[in-house]
Amino acid sequence: MCVRGRGNLSEALNRRAKGSLVAQKAAWKDGAPLEPRMADRTVDHRPWTGCAVLFLQSLCPEVNLLSLYKDKQGKFTVFKVIKLTLIDSAGGLAGYEILKLHDADPLLGVEVKFVDVAVCQQFLESYGSGAVCQSLSQHACRLLAVTQEFTVKTQLKASTHTLDLCLDNVGLCLQHIHFSQPERLRDEEIDDLEQQLQNQALGHAPQPAALTPEEAPVPSNCFRFQRRVFEDRMLTAADVQSFSNGVGRQWKHVGRVLGKSCRALKGPAVDNLAYEYEREGLYEQAYQLLSRFIQAEGRAAKLSRLVRALEDCKLTSLAENILDIQPRE
């Protein structure tokens with residue numbers, strides 16, 4: 001299922017066009033369709049190129065695409081889902097390349113460079129018909145082991161232009177994409193991921209003789225900590241109490257780590273909590289911090305997020321206490 005985002009398109013084209021493009025712009029004002037010559041592969045005797053960014057946000061509670069991409073184990077799988085979706089919607093491997101994946105919290109941005117206007121037009125038509133979302137959902141359900149319907153919110157932009165607002169005019173969309181020239185070469189991380197995908201497709205990916213417990217895949221509703229797998233449940237009142245009792249003065253540090261993915265704890269929110277509950281002491285400050293995190297994130301306030309934040313703050317003993325891991329003798 002797909003939910004396409006909408007935005008404000010308040011500015012007109014701000015670049016000059018030459019030759020026949022002037023006539024085309026006049027036709028666009030009258031709602032005329034794209035002239036056939038826009039399908040040419042060159043513009044002013046130069047190869048046609050352009051850039052667009054596809055923003056993705058999963059609305060499925062058990063899948064956070066941005067968090068998965070940031071995770072070392074999930075990065076390749078998310079990239080593969082996106083790559084297979086582009087192959088489906090653009091009609092193959094030629095005519096485009098992924099330049100970079102952006103952290104646009106809570107969105108994951110996919111910057112794509114097109115070098116063939118026909119391929120770009122096919123992608124736009126697929127996006128407008130909902131085929132991109134359908135393909136993305138199918139690949140995500142298969143590769144990410146999603147147990148429920150995968151719903152994704154999308155938005156397509158070229159520079160400051162939100163293309164969702166003018167999908168009925170493919171010519172105008174192509175013009176916006178052409179004017180939005182890429183500002184960078186392909187990211188090295190994308191090079192590595194593309195090579196991994198190619199190796200996997202050719203059967204060259206190294207295959208270990210047997211998977212150790214640490215290497216074995218983790219179900220989508222679980223997480224790994226210290227080579228053990230735990231159910232990724234929602235935080236409970238007992239978790240809040242254990243955290244508040246044990247975190248001490250480090251609660252602000254943990255709060256800032258959680259704030260990287262929680263809007264309610266961004267900016268001065270943590271310092272405001274420290275000031276507001278200063279008289280009540282450290283326990284109450286920590287208690288209010290985690291309570292606010294749970295209230296803001298709802299079903300997404302999972303145990304794994306707190307454990308990872310504690311790991312980042314070098315508070316593994318507190319994480320072990322919350323997970324009820326008995327100390328080794």
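Check the entry above for the structure.
The residue numbering used here restarts from 1 in each chain and proceeds along that chain's sequence as written. The predicted origin of the model limits local features to residues at a pLDDT of at least 70 and limits the giving and counting of side-chain atom pairs to 80 or more, whereas totals for whole chains, interfaces and linings rest on all residues. Think of the side-chain values as coming from all heavy atoms in the structure, minus any hydrogens and water.

Take the packing of aromatic side chains next. Two rings from Phe, Tyr or Trp (for Trp, the six-membered ring) form a pair when their centres are within 6.5 Å of each other. A pair whose planes differ by under 30 degrees is stacked, one over 60 is edge-to-face, and the rest are tilted. Counting across every chain of the model gives four aromatic pairs. Measuring from ring centre to ring centre gives 6.1 Å for tyrosine 283 and tyrosine 287, while their planes differ by 20°; the resulting arrangement is stacked. With tyrosine 283 and tyrosine 287 both in helix α11 (residues 282-297) and four residues apart, this pair spans about one turn of that helix. Think of it in three bands: residues with accessible area under 20% of the maximum for their type are buried, residues over 50% are exposed, and the middle band is partly exposed, with areas taken using a 1.4 Å probe on protein chains only. Exposure remark for tyrosine 287: the relative accessible area of 32% places this residue in the partly exposed category. Aromatic ring contacts, followed pair by pair, group Phe114, Phe123 and Tyr127 into a single cluster. Definition used: whenever NZ (Lys) or CZ (Arg) falls within 6 Å of the ring centre and also within 35 degrees of the ring normal, the charge is taken to sit over that ring. Above the face of the tyrosine 69 ring, lysine 75 is positioned so that its terminal group lies 4.0 Å from the ring centre. Strands here are runs of E lasting at least two residues and helices are runs of H or I lasting at least four, both read from the DSSP assignment and numbered beginning at the N terminus.

Let us now look at unusual backbone geometry. For the peptide bond that leads from aspartate 105 to proline 106, omega is 10°, which places it in the cis range. For proline 106, the location among the structural elements is in the loop between β5 (96-104) and β6 (107-114). Despite not being glycine, lysine 314 has its phi angle at roughly 60°, a positive value. Tracing the chain through its elements places lysine 314 in the loop between α12 (303-312) and α13 (316-322). With relative accessibility at 73%, the residue lysine 314 sits in the exposed group. The residue aspartate 324 is not glycine, and still its phi comes out positive at about 60°.

Let us look at empty space enclosed by the protein. In this approach, a probe sized like a water molecule rolls over the atoms, and the result shows the empty space that is left. Of the grid points, spaced at 1 Å and generated over the protein atoms alone, those admitting a 1.4 Å probe that cannot get out make up cavities, while open sets with protein on both sides within 12 Å along at least five of seven lines make up pockets; any residue with an atom within 4 Å of a point is treated as lining. Grid points are joined across faces, edges and corners, and a volume is the space filled by probe spheres set on the points. Using the criterion set out here, one finds three cavities of 30 Å³ or more in the structure. In terms of lining, the largest cavity is formed by Leu54, Leu56, Ile82, Thr85, Leu86, Val110, Val132 and Leu136. Taken together, the elements giving at least two residues each to the lining of the largest cavity come down to β4 (50-58), α3 (75-90) and α5 (131-143). A total of three residues in the lining of the largest cavity trace back to one element, the largest contributor, which is α3. In this classification, the charged set is Asp, Glu, Lys and Arg, the nonpolar set is Ala, Val, Leu, Ile, Met, Phe, Trp, Tyr, Cys and Pro, and all remaining amino acids, among them Gly, are polar. Its residues assigned to classes, the lining of the largest cavity comprises seven nonpolar, one polar and no charged.

Following DSSP output, two strands are said to pair if at least two bridges run between them. Pairing geometry for strand β9 (residues 222-225) and strand β10 (residues 228-231), over four bridges, is antiparallel. Residue pairing across strands places phenylalanine 223 opposite phenylalanine 230, the latter belonging to β10. The turn linking β9 back onto β10 is made up of two residues, and glutamine 226 within it adopts a positive phi angle of 50°.

Moving on: the environment of lysine 83. As for its placement among the helices and strands, lysine 83 is situated in helix α3. Relative accessible area serves as the criterion here: at 6%, lysine 83 is assigned to the buried category. A C-alpha to C-alpha distance of 8.3 Å links lysine 83 and isoleucine 98, two positions 15 residues apart in sequence. The contact definition used throughout considers only heavy atoms, calling two residues in contact when any of these lie within 4.5 Å. If sequence neighbours within four positions are ignored, lysine 83 has contacts with Leu93, Tyr96, Ile98, Glu194 and Leu197.

Our focus in this paragraph is the pairing of β6. The buried count for β6 comes to six of eight residues, which makes it a mostly enclosed element. Judged from the seven bridges that link them, β4 and β6 form a sheet pairing that is antiparallel. Bridging from a neighbouring strand, leucine 54 pairs with valine 110 of β6. Pairing geometry for β5 and β6, over eight bridges, is antiparallel. Residue pairing in the sheet places tyrosine 96 in a bridge with phenylalanine 114 of β6.

So, about the packing of helix α9 (residues 251-258) against α12. With axes taken as lines fitted to C-alpha atoms, and helix axes fitted only over the stretch in contact, angles between N-to-C directions fall between 0 and 180 degrees. Orientation of α9 relative to α12, taken along the N-to-C sense of each, is 120°, at an axis distance of 9 Å. Comparing their axes, α12 and α9 come out oblique. At the point where α9 passes α12, the crossing takes the right-handed sense. The segment α9 lies against α12, with Val254, Val257 and Leu258 engaging Arg305, Leu306, Ala309, Leu310 and Asp312. Grouping the constituent residues of the contact of α9 with α12 by class yields six nonpolar, no polar and two charged. An angle below 35 degrees is treated as roughly parallel, one above 145 as roughly antiparallel, one from 65 to 115 as roughly perpendicular, and anything else as oblique. Less than a right angle of anticlockwise turn of the near helix away from the far helix marks a crossing as left-handed, whereas a clockwise turn marks it as right-handed.

On to the pattern of salt bridges. When their charged atoms lie close together, side chains carrying opposite charge are able to pair. By convention in these notes, a salt bridge is any Lys or Arg side-chain nitrogen within 4 Å of a carboxyl oxygen on Asp or Glu. Using the criterion set out here, one finds 12 salt bridges in the structure. Notably, a salt bridge pairs arginine 186 with glutamate 97, separated by 3.8 Å at the nearest N-O pair. Of this pair, arginine 186 sits in the loop between α6 (170-179) and α7 (188-202) while glutamate 97 sits in strand β5, and the two are 89 residues apart along the sequence. Here arginine 186 falls in the partly exposed class, since its relative accessible area comes to 29%. Relative accessible area serves as the criterion here: at 25%, glutamate 97 is assigned to the partly exposed category. Put simply, arginine 186 and glutamate 194 hold a salt bridge, and the shortest N to O gap is 3.9 Å.

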